[in-house]
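Given next are the chains, with one letter for each unit.
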Number of protein chains: 2
Amino acid sequence: MRSRILKFNNAAILAAASVVGKEEYKGPLGEYFDLHDSTDKFGMNTWELAESEMQRLAFNTALSKLSICERSVEALFAGDLLNQCVSSSYGLLDFDIPYFGLYGACSTAIEGIILAAATVNAGYFELAAAVTSSHYCAAERQYRTPIEYGAQRSPTAQWTVTGAGAFMVGRKGEIKITEALPGIVIEKGISDASNMGAAMAPAAVNTILRYFKESEYPLEHFDMIVTGDLGKEGGDILCELLLSEGLDIRKIYRDCGVMIYDRERQDKHAGGSGCGCSATVLASYLCPLIKRRELQNILVVGTGAMMSPSSIQQGQAIPAVAHLVHLSAAEAKKED
Amino acid sequence: MRSRILKFNNAAILAAASVVGKEEYKGPLGEYFDLHDSTDKFGMNTWELAESEMQRLAFNTALSKLSICERSVEALFAGDLLNQCVSSSYGLLDFDIPYFGLYGACSTAIEGIILAAATVNAGYFELAAAVTSSHYCAAERQYRTPIEYGAQRSPTAQWTVTGAGAFMVGRKGEIKITEALPGIVIEKGISDASNMGAAMAPAAVNTILRYFKESEYPLEHFDMIVTGDLGKEGGDILCELLLSEGLDIRKIYRDCGVMIYDRERQDKHAGGSGCGCSATVLASYLCPLIKRRELQNILVVGTGAMMSPSSIQQGQAIPAVAHLVHLSAAEAKKED
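The structure contained in this document is the topic of the report that follows. If you're wondering where the values come from, they're calculated on a predicted model, not measured in any experiment. (Residues numbered from 1 in each chain as written. Chains lettered and ligands numbered in written order. Predicted model: local features only at pLDDT ≥ 70, side-chain atom pairs only at ≥ 80, totals over all residues. Heavy atoms only, no water.)

### Observations concerning the overall build of chain A
Cut-off, in case you're wondering: In this description a helix means any DSSP run of H or I spanning at least four residues, a strand means any run of E spanning at least two, and both kinds are numbered starting from the N terminus. Atoms considered for the radius of gyration are the C-alpha atoms alone. The globule rule reads 2.2 Å times the number of residues to the power 0.38. Buried, partly exposed and exposed residues are distinguished by accessible area as a fraction of the type maximum, computed with a 1.4 Å probe on protein chains only: under 20%, between the cut-offs, and over 50%, respectively. Contact definition: two residues touch when any of their heavy atoms are within 4.5 Å. Computed with the Shrake-Rupley method and a 1.4 Å probe, the accessible areas treat only the protein chains shown as cover for residues. In this tally, Asp and Glu contribute negative charge and Lys and Arg positive charge; neither His nor the terminal groups of the chain are included. Lys charges are placed at NZ, Arg charges at CZ, Asp charges at CG and Glu charges at CD.
What chain A contains, in helices and strands, is 10 helices and 14 strands. The C-alpha atoms of chain A give a radius of gyration of 18 Å, which matches the 20 Å a tight globule of 336 residues would have. When the backbone C-alpha atoms are referred to their principal axes, chain A occupies close to 60 × 50 × 35 Å. Looking at chain A as a whole, 67% of its 336 residues qualify as buried. Partitioning the intrachain contacts of chain A with sequence separation of at least 6 by distance along the chain shows that 78% fall at a separation of at least 24. About 11700 Å² of surface is accessible on chain A, with carbon and sulfur atoms providing 47% of the total. Within chain A, one finds 30 positive and 40 negative side-chain charges whose respective centroids are separated by 3 Å.

In C-alpha cells form, the structure reads like this:
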C-alpha cells in the first residue's frame with residue numbers, strides 16, 4: 001500500500017487571523033490575538049450570532065492582512081460545532097465565495113487547511129481560506145446545560161474556547177504546508193462526554209504513529225508536535241500511549257488547549273477545547289513563530305470528538321478523528 | 001476573473017449504491033434501489049442508528065460492486081443532516097479509511113462527489129468515496145416534532161427521504177465527472193422552514209446562471225438538469241427565476257425530490273428532501289442511465305438549506321447553497 005501522506009509543493013499559509021472572547025484574552029496568549037471582545041457578544045443578541053460574527057471578523061481581518069478583497073478568495077472551507085454548522089453558514093454569508101461546509105468537530109481548522117492546501121496545490125484555486133469558530137456559551141447550552149444553570153463541571157472537563165480563526169492558503173509563502181495526513185475515525189469505548197481528551201487521544205495516537213511509520217522524517221526533524229485540544233488529561237494519555245509504542249514525544253509536545261489558558265490563574269479544569277482552540281492558537285501564536293523561523297518544522301494534529309448530545313444520551317461511545325499537517329518555515333532568503 | 005468551473009480529466013463514478021426505507025421503495029423508483037428495509041429500522045433500536053446503518057450498508061454495497069476491500073479506498077467524504085453529522089461518524093466507523101467530515105445539508109452528496117473528484121483527479125487518491133444519508137424519523141424529531149406527535153404538515157413541506165447513497169470515485173470509468181462548480185451561500189429572506197424549496201431555489205439559480213455564463217457548453221449540450229431536492233414548489237420557482245433571466249430549462253429540468261415519490265399515490269406534499277434524496281436517485285436511477293449512454297450529459301445541482309432549528313427559532317432566514325457537477329457518459333468503445 002502506498003503512503004497515505006499527502007505531499008504539497010505549492011501550499012502555504014499566507015495570512016492568519018484570530019478573534020477571541022474575554023477568557024482567552026486574559027490567558028497567556030492574550031496579547032497575540034488580533035481582536036477580542038470582553039463581553040463575548042460581539043454586538044449580537046444571541047451567542048450563536050456572536051459566534052457567526054467572530055467568523056466574519058476573523059475572515060475579514062485575514063483579508064485585510066493580505067490587502068485583498070473577497071473576490072480574490074476562490075473557495076471557503078468552513079465549519080463549526082453548532083448544530084448544522086450555522087456559525088459558518090451565517091457568519092460567512094456576506095461573502096460571495098464558493099463554500100465547502102465541513103464538519104470535523106474540533107479538528108475542523110486542520111481539516112479545512114488540508115483541503116485548502118490540497119486544492120490550491122493542485123491548481124484548482126489560487127487562494128482558498130479555512131475558517132472555523134467555537135463559543136463557550138453557545139456550546140455549553142447545546143452540548144451540556146445553559147450557563148445560567150451554573151452546573152458544576154467535572155475535573156476532566158474542558159472549556160470551549162470562544163474564538164474564531166481564519167487561514168488564507170495560497171501557493172507560496174513563509175509558512176509552508178508541506179504534508180498532510182487525514183485522520184481515521186477511531187472509537188475506543190470512552191462514553192464520558194466530560195472527558196473528551198481521553199476519547200480523542202487514541203485518534204491522535206493513530207494518526208501520529210501512521211505518520212512516523214510512513215514519513216521520511218524522524219522525530220528529531222520537528223521542533224514541536226502540537227495537538228488541537230486534548231487538554232491536560234488527553235495529552236498525558238497521548239504521550240503515555242505513544243511511549244508504550246516506543247515513541248517519546250514528551251520533550252516537544254504541546255497542546256493548544258493547555259496553552260490557551262493559565263492552569264493556575266484561570267479555573268479551566270483540563271484546558272481549552274472547541275474548533276476555535278487550535279484555530280486561534282495556530283493563527284495567533286504558532287504561525288508567527290514559523291514565519292520568524294523560530295520554529296522550523298512542526299506537526300499540528302487537529303483533534304475532534306464526533307459525538308452529538310443525542311448519541312451520548314443514547315449510550316453510544318465517542319468516535320474521534322485527528323488530522324495532521326506538517327508546517328515548515330520557508331528557506332531564509334539569500335540576501336539575509 | 002478566471003472561470004470558477006473546476007475541470008477534471010481523470011475523475012469518474014466507478015460504482016454507486018443506494019439503500020432506502022419503505023416509502024422510497026414504494027415510490028416510482030423503488031425497483032432501482034439496491035437495498036431496502038420495510039421497517040425503516042435496519043435492525044437498530046433508534047432512528048439515528050438506523051441512519052448510520054444505512055450508510056454502512058450503502059458503502060459496503062458500493063465496495064462489493066467493485067469487488068474490492070475497504071483498504072483500496074483512500075478517503076471518505078461523508079456527512080448528513082443529524083446534529084454533529086453522527087450518522088456518518090458512527091456509520092462509517094467500521095472502516096479504517098481517512099475521513100473528511102462534510103456539512104452541506106442536502107447538497108452533501110454533490111459536495112462529496114466534487115471533493116472526491118478534485119482529490120482523485122489531482123492524484124492524491126486512487127479511489128475516494130462520497131457517502132451520505134438522511135432518515136425521515138430522525139430528521140423529523142430533530143428539525144420539527146417527533147413523528148409520534150402526528151403534527152399536520154404544510155402543503156409546501158417536503159418529506160425527508162429515508163435513504164443513503166455511496167459513490168466510488170476513481171480516475172477512469174463510464175460515468176465521467178467532467179466539471180464542477182461549487183456553490184455560494186445565498187439567503188433571500190425566506191424564513192419558513194416548511195418551505196425549503198423556496199429558500200434553496202435562489203442558490204440553485206445563482207449556481208446555474210454562473211455555470212452557463214462561464215461554461216463552454218450551451219444549454220442544448222445537456223439531456224437533463226436535475227436538482228437535488230427543490231421539490232414541486234422550489235422547482236417551479238427555479239424555472240421561473242431562470243426564465244426571467246432568459247434561460248428556459250423547463251424541457252430538460254427534473255428534481256430528485258419530485259422523482260422519488262408518486263405525487264398522486266403517496267401523500268408527500270411538495271416532494272422528497274434530505275441528503276439521501278439526491279444521493280439515492282443519482283446512485284440508483286441516473287448513474288445507470290449515464291452508464292448505458294441513455295443520458296450523455298447531465299448537470300446535477302445538489303441543493304442544501306443551511307439553517308438549524310435554533311437559527312429558525314431565533315428568527316433568522318434560511319441560507320442555502322447549490323453545488324453543481326457535470327456528469328458525462330464515456331465515449332462508446334471502438335468495438336461497439
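### Side note on the pairing of strand β9 (residues 175–181) of chain A
Residue and element names in this part refer to chain A. The condition is simple: Each pair of strands is called paired provided DSSP finds at least two bridges between the two strands.
Across the 7 residues that make up β9, a large majority, 6, are buried. Two strands pair when backbone bridges link them, and strand β1 (residues 6–7) and β9 are joined in this way by 2 bridges, in the antiparallel orientation. The residue bridging L6 from the neighbouring strand is A180, located in β9. Examined bridge by bridge, strand β2 (residues 12–20) and β9 share 2 bridges and lie antiparallel to one another. Residue pairing across strands places I13 opposite I175, the latter belonging to β9. By the bridge criterion, 6 bridges tie β9 to strand β14 (residues 320–329) in an arrangement that is antiparallel. Following the sheet pairing, E179 is matched in β14 by H326.

### Let's talk about the relation of the copies chain B and chain A
Both copies of the chain are related by a screw-like operation: a rotation about an axis and a shift along it. Test applied: Superposing copies: least-squares fit, C-alpha atoms only, residues required to have pLDDT of at least 70 in both.
By a simple turn and slide, chain B fits onto chain A: the slide is 0.0 Å along the axis, the RMSD is 0.0 Å, and the turn is 180°. When the rotation and shift are considered jointly, the pair of chain copies conforms to a two-fold rotation axis. Taking C-alpha positions as the reference, the residue of chain B nearest the rotation axis is L102 of chain B, at 2.0 Å.

### Structural notes on the environment of V185 of chain B
All names here are of chain B. Tracing the backbone through its elements, the reader meets V185 in the loop between β9 (175–181) and α6 (196–214). The class of V185 is buried, set by a relative accessible area of 5%. Taking C-alpha positions, V185 is 9.3 Å from A305, a pair spaced 120 residues apart along the chain.

### Details of the side chain of N121 of chain A
Stated precisely, the cut-off is as follows: Polar contacts, as used here, are pairs of N or O atoms within 3.5 Å; protein pairs need one atom able to donate a hydrogen and one able to accept it. Residues neighboring in sequence count only if both atoms are side-chain atoms.
Inspection of the secondary structure assignment puts N121 of chain A in helix α4 (residues 108–121). Relative accessible area serves as the criterion here: at 19%, N121 of chain A is assigned to the buried category. Reaching out from N121 of chain A, the side chain makes a polar contact with the backbone nitrogen of N10 of chain A at a distance of 2.8 Å. Those residues in contact with N121 of chain A that sit more than four places away from it in its chain are K7, F8, N9, N10 and A11 of chain A together with Y124 of chain B.

### Things to note about helix α5 (residues 136–143) of chain A
In an α-helix, one turn spans 3.6 residues; hence positions three or four apart end up facing the same way. All names here are of chain A. With 7 of 8 residues buried, α5 lies mostly within the body of the structure. Listing the buried residues of α5 in full gives Y136, C137, A138, A139, E140, Q142 and Y143. Turning to α5, the residues buried within the fold contact α2 (47–65), β6 (128–134), β7 (159–160) and α10 (309–313).

### Some details on the pairing of strand β10 (residues 224–227) of chain B
All names here are of chain B. Keep this limit in mind: Look down the strands so they point away from you; if the path from the first strand over the helix to the second goes clockwise, the crossover is right-handed.
Burial of β10 is two-sided: the residues M224 and V226 facing one way and the residues I225 and T227 facing the other way are all buried. Inspection of the sheet shows β10 paired to strand β13 (residues 297–305) by 4 bridges, in the parallel sense. Bridge assignment links T227 to a residue of β13, and that residue is V301. For β10 and strand β11 (residues 253–255), the ladder comprises 3 bridges, and the chain directions are parallel. Paired with I225 across the bridge in β11 is Y253. A crossover connection joins β10 to the parallel β11 through helix α7 (residues 231–244); in handedness this β-α-β unit is right-handed.

### Topic: the interface of chain B and chain A
With 64 residues of chain B at the contact, the number on the chain A side is 64 residues. For the pair chain B and chain A, the number of links is 28 residue pairs in polar contact (both at pLDDT 80 or more). Put simply, the parts of the chain that give the side of chain B that touches chain A at least two residues each are β1 (6–7), α2 (47–65), α3 (86–91), β5 (99–101), α4 (108–121), α5 (136–143), α10 (309–313) and β14 (320–329) of chain B. Here the element with the most residues in the side of chain B that touches chain A is α4 of chain B; it accounts for 6 residues.

### A closer look at the nonpolar core
Our working definition: Only buried Ala, Val, Leu, Ile, Met, Phe, Trp, Tyr and Cys residues count toward a nonpolar core, and they belong to the same one when joined by side-chain atoms within 4.5 Å.
Counting 257 residues, the largest nonpolar core has F59 and F167 of chain A together with F59 and F167 of chain B as the members making the most contacts within it. The residues contacting F167 of chain B, other than those within four sequence positions of it, are I13, A15, A16, A109, I113, A128, A129, A130, A279, L282, A283 and C287 of chain B.

### Looking at α2 of chain A
Residues and elements named next belong to chain A. Rules: Take the number of residues in a helix, subtract one, and multiply by 1.5 Å to get its expected span.
Between its first and last C-alpha atoms α2 spans 27 Å; for 19 residues at 1.5 Å apiece the expected length is 27 Å, and the two agree. Most of α2 is tucked away: 14 of the 19 residues are buried. Following α2 by one or two positions, S67 has its phi on the positive side, about 50°.

### Structural notes on the pattern of salt bridges
Residue and element names in this part refer to chain A. To be explicit about the condition: Here, a salt bridge means any Lys or Arg side-chain nitrogen found within 4 Å of an Asp or Glu carboxyl oxygen.
Scanning all chains against the criterion turns up 30 salt bridges over all chains. Here E48 makes a salt bridge to R141, at a shortest N to O gap of 2.6 Å. Of the two residues, E48 sits in helix α2 while R141 sits in helix α5, which places them 93 residues apart along the sequence. You can call R141 partly exposed: its relative accessible area is 34%. Each member of the salt-bridge network shares a partner with another, and the members are K7, E179 and E216.

### Digging into the environment of I13 of chain A
Residues and elements named next belong to chain A. The residue I13 is located in strand β2 in this model. Classification of I13 by relative accessible area gives buried; the value is 2%. For the pair I13 and A317, spaced 304 residues apart in sequence, the C-alpha separation works out to 35 Å.

Worth remembering: the numbers are spatial, not functional.
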